[in-house]
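This is what each chain is made of:
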Amino acid sequence: MTAQPELLAMKPPSLAHRLARSLRLGLSVLWQNKVGFLGFLGVLFFIALALFGPLIAPSSGEPNMAQIYQPPSWSHPLGTDYEGRDVLTQVVRGGRPIILVGALAAILSTLIAITLGALVAYVEGVLDSIVMLITDVVLTIPQLPLLVVLAAFVRLNRPWLLALILALLNWPTLLRAVRAQVLSLKAREYVEAARALDLGLFHILFREILPNMASYILMSFTIGMTGAIYGQVVLYFLGLAPLAGDNWGIMLNLAWTRGAIFYRDSMPYILAPVIAISLLQLSMVTMTRSLEQVFNPRLREG
Amino acid sequence: MARPATVETTSAQSAASAAATLGRFALILWRSYIVRRLLKAALTIYLVSTLTFFLIRLMPGNPVDVYINTLISQYGFSYQDAANQAAALFAFNPNEPLLAQYRDYLQALAHGDFGKSITSPGTTVTSIIATYLPWTLFSTGLGLLLSFALGVLLGMLTAYRRERPIDHLLTALGSFFQSVPNYLVAIVIVVFFGVRLGWFPIAEMRGAYSPGVQPSLSISFIKDALYHASLPIATYVLTTIGSWLLLMKSSTIATLGEDFVTVARARGLKDGRIMSAYVGRNAILPLFTQAAIAAGFVVGGAVVIEQIFQYQGIGYILLQAINQRDYPIMQGIFLIITFAVVLANVLADLLYSRLDPRIRAMGGSQR
């Protein structure tokens, strides 16, 4: 793979190729790292849950007033909620919206960070100063309170707007990292060669420079997703995002407001989404952390 | 600044040289890192508060509507009665142009006036902040101190006991609680340990202190305040100690490999002395900048936690203000939080250049 470094330096492989190599390298190292591999399995599990959950459990059931807050049993392994609906069904169905909006937010914030960060590092000058000022402003804005204010604009039928709002608060850290990397990469010989050949800004940024950062971008995507899920669940829990349908955040809110603090039998109803969200976040963080050790050799010794 | 006072210089010349002096002075100021940093901080605060000013007022619903709706839904008022009552109570006109409101806001702010609450007429925003901010500073600040101190100690411990069971256990626990969202930890504390197991009297522990008690500096009041703050503090410590531990661990391991430690060992110094005076002191330096940044988030960092434990700090009041659309309170709290974060970042930058001798050398002699 890396037998001819001179050749690689002359013509860097394509983005797809780089991504595939990063993935392969990542997987082989995850395989050696027990905790990281467990995290990877967990992430796979939650992706599967997001994709197939609502297919396994097509509906969350009709309210049944005779079955309110039933303790766990064979017919209801996690008991029932304040309306007598099955809790397990809701947990299985409830991952999709959270994971989808989290992924969408992470994609958006990563895109903003990569394009803007690479662009301003490459062009420098006034544009760079303006973007860095905006970055500083967004970094110092009290994130959670602002999120709460922005959430007031979200309507029921527009989950993409929620994703956009989460993304708007999440890009600055990655942008700074991308900018710093591009600033150092753009001085390399092959980039100067590309510039001499007049290959165009777009080509140089996306074909020559960014593929070198593929692994880093991959990691910051998962970090962005954990951040987006954190914020999203806060909004649902506080009742600030529209409450409709099955999702873990809404389960948390209803369990909290409809009785978990008052009834001992409602315990599985609130603990189920707590555990689901915690496991999802834990899987992503452990997977990312082990990947980080692979891609950042400086961390490997520590 | 030596302005030529001799008779033969023409006024044009003296004006030109005065301008040059001024220009040079401005350049010196601009070259000064601290001045530039402070100017940027001031600009950031201005931009953030302007942005939040307009965002807050663009939110759907305004304080009058929210109040009218509450009267209708909770007290069974007719719309007309509710609207009359709202008009009598609030000196707020939702139809005033935004730019005029913005101008008024900036003018008042320039005089140090944060405005008055809309929904509790007669109460100034300053007095609300003065009432609730101390509790947030107390609980979260104490949490930060505890978390930092414990994390540093445990981090050194794990670095010295590397690859032993205690290292694996503490590192795993630290990483675990760092990944689990803090509000979920708080919910589990209330629901599982409070309601299910009955370890904590959750209802009794609400608020910043027991009802009917007068705040004072007596031992019994401090005990009462600590009792009420204990669960928010525990949540904060549990969910942040991991990052201090991991930071301190890697910093200690890096320091242990430095030459001066080897030399100290060769000199036959006692292990305890090497540990505290050589390794610990050097390993903790890079953590101080992080601690400064974390201190900036102390003010605004506990919004959800305060809500869950019903702890009456600034975050709790902010959420209430948001629900009632009480613009001046929201605006004032935003401003305080932003100010804290910006100030902490400036301090962290200055600390960083002070603490790291390499940066100090670069900034001082070479450039």
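Residues numbered from 1 in each chain as written. Chains lettered and ligands numbered in written order. Predicted model: local features only at pLDDT ≥ 70, side-chain atom pairs only at ≥ 80, totals over all residues. Heavy atoms only, no water.

Chemist: Looking at this structure, how should I read the interface of chain A and chain B?
Modeler: Accessible area lost on assembly of the parts is the figure often given for the size of an interface. At the junction of the two partners, chain A supplies 39 residues and chain B supplies 46 residues. Summed over both sides, the interface between chain A and chain B buries roughly 3700 Å², with carbon and sulfur atoms accounting for 80% of that surface. Looking at the side of chain A facing chain B, the largest losses of area belong to T140, V149 and R264 of chain A, adding up to 14% of the total buried there. K40 of chain B is the partner of D136 of chain A in a salt bridge, and the nearest nitrogen-oxygen pair spans 2.9 Å. Taken together, the links from chain A to chain B amount to five residue pairs in polar contact (both at pLDDT 80 or more). Elements with a contribution of two residues or more to the side of chain A that touches chain B: α5 (125–140), α6 (143–151), α11 (214–237), α12 (248–260) and α13 (267–295) of chain A. In terms of residues, the side of chain A that touches chain B owes the most to one element, α13 of chain A, which gives ten residues. Of the residues belonging to the side of chain A that touches chain B, the class tally is 30 nonpolar, four polar and five charged. (Contact = heavy atoms within 4.5 Å. Buried area = accessible area lost by both parts, 1.4 Å probe. Salt bridge = Lys/Arg side-chain N within 4 Å of Asp/Glu carboxyl O. Polar contact = N/O pair within 3.5 Å; in protein donor to acceptor, adjacent residues only side chain to side chain. Helix = DSSP H or I, 4+ residues; strand = E, 2+ residues; numbered from the N terminus. Nonpolar A, V, L, I, M, F, W, Y, C, P; charged D, E, K, R; others polar.)

Chemist: Explain helix α5 (residues 98–110) of chain B to me, please; I cannot follow it from the model alone.
Modeler: One turn of an α-helix holds 3.6 residues; hence residues three or four places apart share an orientation. Residue and element names in this part refer to chain B. In a regular helix each residue adds 1.5 Å, so 13 residues correspond to 18 Å; α5 covers 18 Å between its end C-alpha atoms and thus fits that length. Within α5 the residues assigned to the buried category are A100, Q101, Y102 and Y105. Positioned one or two residues after α5, G112 has a phi angle of 75°, which is positive. (Expected span 1.5 Å × (residues − 1). Buried < 20%, exposed > 50% of the residue type's maximum accessible area, 1.4 Å probe, protein only.)

Chemist: I would appreciate a short explanation of the packing of helix α2 (residues 33–58) of chain B against α5 of chain B in the present structure.
Modeler: All names here are of chain B. Closest axis-to-axis distance for the α2/α5 pair is 11 Å, and the angle between their directions is 135°. Classified by the angle between their axes, α2 and α5 sit oblique to one another. Once α2 is placed against α5, the crossing between them reads as right-handed. Together, Y46, S49, T50, F53, F54, R57 and L58 of α2 and L98, L99, Q101, Y102, Y105 and L106 of α5 make up the contact between the two elements. Split into classes, the residues belonging to the contact of α2 with α5 amount to nine nonpolar, three polar and one charged. (Axes fitted to C-alpha atoms, helices over the stretch in contact; angles between N-to-C directions. Parallel < 35°, antiparallel > 145°, perpendicular 65-115°, else oblique. Left-handed = near helix turned anticlockwise from the far one by under 90°.)

Chemist: Before we go on, may I ask you to explain the layout of surface pockets in this structure?
Modeler: It is the rolling of a water-molecule-sized probe over the atoms that shows where space remains empty. Residue and element names in this part refer to chain A. Taken as a whole, the second largest pocket spans an internal volume of roughly 830 Å³. Looking at the second largest pocket, it is lined by 36 residues, and the ones nearest its centre are I217, L218, M219, F221 and T222. Residue assignment for the lining of the second largest pocket shows that the elements contributing at least two residues are α2 (15–32), α3 (34–56), α4 (87–123), α10 (201–209), α11 and α13. Counted by class, the lining of the second largest pocket contains 30 nonpolar, five polar and one charged residues. (1 Å grid on protein atoms, 1.4 Å probe; cavity = no way out; pocket = protein on both sides within 12 Å on 5 of 7 lines; lining within 4 Å. Points joined across faces, edges and corners; volume = space filled by probe spheres on them.)

Chemist: Is there a simple way to think about the side chain of N247 of chain A in this case?
Modeler: Residues and elements named next belong to chain A. With respect to the helices and strands, N247 occurs in the loop between α11 and α12. Judged by relative accessible area, N247 falls into the buried class, the value being 4%. Excluding residues within four positions of it along the chain, N247 makes contact with G94, P97, I98 and Y236.

Chemist: Is there a simple way to think about the nonpolar core in this case?
Modeler: Nonpolar side chains in soluble globular proteins generally cluster together in the buried interior. W248 and L252 of chain A together with I187 and I308 of chain B are the most contacted members of the largest nonpolar core, which has 105 residues in total. Here this core takes twelve residues from α13 of chain A, the largest share from any one element. Leave out the neighbours within four places in its chain, and I308 of chain B touches F237 and W256 of chain A together with Y183, A186, I187 and V190 of chain B. Counting 24 residues, the second largest nonpolar core, distinct from the first, contains A121, V138, L175 and A194 of chain A. (Core = buried A, V, L, I, M, F, W, Y, C linked by side-chain atoms within 4.5 Å.)

Chemist: Explain the confidence of the model for chain A here, please?
Modeler: Low pLDDT marks stretches whose predicted atomic positions should not be read closely. Residues and elements named next belong to chain A. Considering every residue of chain A, the mean pLDDT works out to 78; 85% of them sit at 70 or more. Least confident of the elements in chain A is helix α1 (residues 5–10), whose mean pLDDT is 47; most confident is helix α7 (residues 159–168), at 87. Every residue in residues 1–10 scores below 50 in pLDDT, and together they form nine contacts with partners more than four places removed in sequence or on other chains. (pLDDT = per-residue confidence, 0-100.)

Chemist: Where do I start with empty space enclosed by the protein in this structure?
Modeler: All names here are of chain B. Applying the stated criterion across every chain yields a total of one cavity of 30 Å³ or more. Here the largest cavity defines a volume of roughly 80 Å³. Every residue lining the largest cavity is counted, twelve residues in all, and those nearest its centre are V190, I202, R206, I308 and F309. With three residues, the top contributor of residues to the lining of the largest cavity is helix α9 (residues 219–256). By residue class, the composition of the lining of the largest cavity is nine nonpolar, two polar and one charged.

Chemist: Is there a simple way to think about the confidence of the model for chain B in this case?
Modeler: Residues and elements named next belong to chain B. When pLDDT is averaged along chain B, the result is 79; 90% of the residues meet or exceed 70. Here residues 360–367 is a poorly scored stretch, pLDDT under 50, and it has four contacts once near neighbours within four places are set aside; other chains count. Here the predicted complex carries an ipTM of 0.78, next to a pTM of 0.80.

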